[in-house]
Amino acid sequence: GAGVSQSPSNKVTEKGKDVELRCDPISGHTALYWYRQSLGQGLEFLIYFQGNSAPDKSGLPSDRFSAERTGGSVSTLTIQRTQQEDSAVYLCASSLLVGNTGELFFGEGSRLTVL
Amino acid sequence: QQQVKQSPQSLIVQKGGISIINCAYENTAFDYFPWYQQFPGKGPALLIAIRPDVSEKKEGRFTISFNKSAKQFSLHIMDSQPGDSATYFCAATGRSNYQLIWGAGTKLIIKP
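The structure displayed is predicted, hence computed values, not measured ones.

Reading guide: rules and limits
Residue positions are given per chain, counting from 1 as you read along its sequence in written order. Labels are handed out in written order, letters beginning with A for the chains and numbers beginning with 1 for the ligands. In view of the model being predicted, local features appear only for residues whose pLDDT reaches at least 70, and side-chain atom pairs are presented and counted only at 80 or more, with totals across whole chains, interfaces and linings using the full set of residues. The side-chain values count all of the structure's non-hydrogen atoms but skip hydrogen atoms and water molecules. A helix here means a DSSP run of H or I that spans at least four residues, while a strand means a run of E at least two residues long, and both kinds are numbered starting from the N terminus. Exposed residues in this analysis have more than 50% of their type's maximum accessible area, buried residues have under 20%, and partly exposed residues fall in between, with area computed by a 1.4 Å probe over protein chains only. Here, two residues are considered to be in contact whenever any of their heavy atoms come within 4.5 Å of each other. Here the Shrake-Rupley method, with its probe set to 1.4 Å, supplies the accessible areas, and only the displayed protein chains count as covering residues. Here Asp and Glu are counted as negative and Lys and Arg as positive; His is not counted, and neither are the chain ends. Note on charges: their place is set at NZ of Lys, CZ of Arg, CG of Asp or CD of Glu. Cysteine sulfur pairs qualify as disulfides if the two atoms are within 2.5 Å.

Draft legend 1. Looking closely at the overall build of chain B. For chain B, the count of helices and strands is 0 helices and 11 strands. Reading the secondary structure of chain B in the N-to-C direction produces β-β-β-β-β-β-β-β-β-β-β. In terms of principal-axis extent, the alpha carbons of chain B reach across some 40 × 30 × 20 Å. In chain B, which comprises 112 residues, the share counted as buried stands at 46%. For chain B, the proportion of contacts with a sequence separation of at least 24, taken over those separated by at least 6, is 54%. Counting every atom, chain B has about 5600 Å² of accessible surface; 50% of that belongs to carbon and sulfur. If the 12 positive side-chain charges of chain B are averaged to one point and the 7 negative ones to another, these points end up 6 Å apart.

Draft legend 2. Up close: the state of the cysteines. For the structure shown, the criterion picks out 2 disulfides over all chains. One disulfide in the model links Cys23 of chain A with Cys92 of chain A; its S-S distance is 1.9 Å. One quick way to see it: the torsion about the S-S bond of Cys23 of chain A and Cys92 of chain A is about -65 degrees, and its sign makes the bridge left-handed. Of this pair, Cys23 of chain A sits in strand E3 (residues 19-24) while Cys92 of chain A sits in strand E9 (residues 88-95), and the two are 69 residues apart along the sequence. The exposure class assigned to Cys92 of chain A is buried, which follows from its relative accessible area of 0%. In this model, Cys23 of chain B is linked to Cys90 of chain B through a disulfide, with the two sulfur atoms separated by 1.9 Å. The sign of the S-S torsion, about -95 degrees, decides the handedness of the disulfide formed by Cys23 of chain B and Cys90 of chain B: left-handed. Of this pair, Cys23 of chain B sits in strand E3 (residues 19-25) while Cys90 of chain B is found in strand E9 (residues 86-94), placing the two residues 67 residues apart along the sequence. Accessibility expressed as a relative area gives 2% for Cys23 of chain B, which makes it buried.

Below, the structure written as structure tokens:
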């Protein structure tokens with residue numbers, strides 16, 4: 001596709017359930033980022049991938065959160081035993097270049113609501 | 001020292017006016033300063049960016065002014081239009097640093 005694709009666009013789940021959020025980056029982009037954005041708030045960094053490896057997982061809020069990337073392409077963010085405070089929009093971004101010369105291209109996000 | 005402080009949190013400007021959003025940073029190693037624009041229901045998109053070797057960069061109605069000594073940079077939107085209503089984020093990063101440090105965002109409303 002032409003841009004970063006995220007699915008599902010909306011997910012409503014019950015507290016305690018597990019959810020998986022998917023990100024398809026722009027083809028050829030080696031860097032991939034996950035961010036969380038609560039309603040009306042800024043961007044909270046979660047994790048960064050360079051290829052399939054994640055040099056920085058420091059933003060993951062708890063051990064209920066995990067992410068993987070396969071084939072240097074698709075990434076999945078998994079939240080186990082969801083809590084109400086996990087409700088937010090989860091944004092994925094990809095970048096062609098490593099380092100600060102790389103423009104980030106964002107998807108439209110996955111809106112997660114935990115009841 | 002890694003923070004980027006953005007102000008104001010929200011801003012209302014009349015159509016045709018000038019919108020100004022300010023950001024300040026502490027880390028002198030930062031050398032790339034982008035602004036992202038986010039419309040409701042969409043992800044942020046790069047609007048304009050500057051490096052500290054210039055004091056100003058203009059693209060259409062959008063201008064970044066950069067003050068290296070004060071460690072401040074600002075976004076100016078000239079002849080603001082209702083279509084400019086969005087949330088604007090400033091950010092900063094240093095050489096070979098993969099991660100952008102984001103400001104908290106400014107919600108801009110342009111009144112017709």
